[in-house]
Structure formats: structure tokens, C-alpha cells
Amino acid sequence: MKEVLKRNSATIFTVLAVVGVVATAIFTAKETPKAVELCAKVDDDTDEPTIIDYAKATWKCYVPAVAIGTATITCIFASNSINKKQIAA
């Protein structure tokens, strides 16, 4: 089993990266309506809101999407690194 995982680790990381891209898109789409509502509240509370005001109001909505996106990027780099090592061997 250990040898099978080691031999197919690049493929496993690639599949995880694909799943991560889809999950990032889903989480972002799911949280956007909440962020729009928060932006509307900022518009009501502030005379001239800035981008910083909007970011402060909405950043918590996107924490899961950023975490999944970061894990996805890590999987892409890991897959590439493993592929390079396998090609060199």
C-alpha cells in the first residue's frame, strides 16, 4: 500500500488540486451574497466608503475559500516537485 501511494503521489496531488479549484469556486460563490450584504451595510454606515472599509467588513466571508485556495496551490507545487523527481530518476 505504501509503495502504491508513493508511486501515485503526483497523481493524487493533481486530483486534490482539481478538487481544490472546484471547492474554492463553490465557497467563493456561496459567500459572495453575504459579502454583498455587508458591503451594503458599509454603504449605509459610511459617507464615502473606501476599498479598505469593504475589505474590513467582508474578509471573514472569504477565509474558507482562501484556505482551500492555499491548499490547492500547495498541492500543485507538490505534484510538480514529485514529477520532477520522478523524471530525474
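As a reminder, the structure under discussion sits directly above these lines.
Since we're looking at a predicted model, the values are computed, not measured.

A short note on the packing of helix α2 (residues 9–45) against helix α3 (residues 51–58)
Moving on, step 1. One way to put it is that α2 packs onto α3 with a least axis distance of 9 Å and a crossing angle of 130 degrees. In this view, α2 runs oblique relative to α3, as classed from their interaxial angle. Judged by the twist between their axes, the crossing of α2 over α3 is right-handed. Where α2 abuts α3, its residues Ala35, Leu38, Cys39, Val42 and Asp43 lie against Asp53, Tyr54, Ala57 and Thr58.
Moving on, step 2. Its residues placed into classes, the contact of α2 with α3 shows 6 nonpolar, 1 polar and 2 charged.

Description of the pattern of salt bridges
Moving on, step 1. All chains considered together, the criterion is met by 1 salt bridge.
Moving on, step 2. Residues Glu31 and Lys34 are paired through a salt bridge, measuring 3.5 Å at the closest nitrogen-oxygen approach. Residue Glu31 and its partner Lys34 are located together in helix α2, separated by 3 residues, close to a single helical turn.
Moving on, step 3. Relative accessible area serves as the criterion here: at 42%, Lys34 is assigned to the partly exposed category.

Topic: the packing of α2 against helix α4 (residues 63–88)
Moving on, step 1. The interhelical angle for the contact between α2 and α4, taken along N-to-C directions, is 160 degrees, at an axis separation of 8 Å. Taken together, the axes of α2 and α4 lie roughly antiparallel to each other. Classified by chirality, the crossing of α4 by α2 is left-handed. Touching Ser9, Ala10, Phe13, Thr14, Leu16, Ala17, Gly20, Val21, Ala23, Thr24, Phe27 and Thr28 of α2 are Pro64, Ala65, Ile68, Gly69, Thr72, Cys75, Ile76, Ala78, Ser79, Ile82, Asn83 and Gln86, all from α4.

A few points about the environment of Ile82
Moving on, step 1. With respect to the helices and strands, Ile82 occurs in helix α4.
Moving on, step 2. For Ile82 and Leu38, which are 44 residues apart along the polypeptide, the C-alpha to C-alpha distance reads 43 Å.

About the criteria used
- Throughout, a residue's number is its position along its own chain's written sequence, starting from 1.
- Side-chain atom pairs in this predicted model are given and counted only at pLDDT of 80 or more, local residue features only at pLDDT of at least 70, and totals for whole chains, interfaces and linings cover all residues.
- In computing side-chain properties, one takes all heavy atoms of the structure into account and sets aside hydrogens as well as water.
- Orientation is described by lines fitted to C-alpha atoms, with helices fitted over the stretch in contact, and by angles between N-to-C directions that extend from 0 to 180 degrees.
- Helix and strand definitions here come from DSSP, where helices need a minimum of 4 consecutive H or I residues and strands a minimum of 2 consecutive E residues; each element is numbered from the N-terminal end.
- What sets the label is the angle itself: under 35 degrees gives roughly parallel, over 145 gives roughly antiparallel, 65 to 115 gives roughly perpendicular, and the rest give oblique.
- In a left-handed crossing the near helix is turned counterclockwise from the far helix by less than a right angle, and in a right-handed crossing that turn is clockwise.
- Contacts are assigned to residue pairs with any non-hydrogen atoms lying within 4.5 Å of each other.
- When residue character is reported, Ala, Val, Leu, Ile, Met, Phe, Trp, Tyr, Cys and Pro are called nonpolar, Asp, Glu, Lys and Arg charged, and the others, Gly included, polar.
- By definition here, a salt bridge exists when the distance from a side-chain nitrogen of Lys or Arg to a carboxyl oxygen of Asp or Glu is within 4 Å.
- Whether a residue is buried, partly exposed or exposed follows from its accessible area with a 1.4 Å probe, protein chains only, as a fraction of its type maximum: under 20%, in between, or over 50%, in that order.

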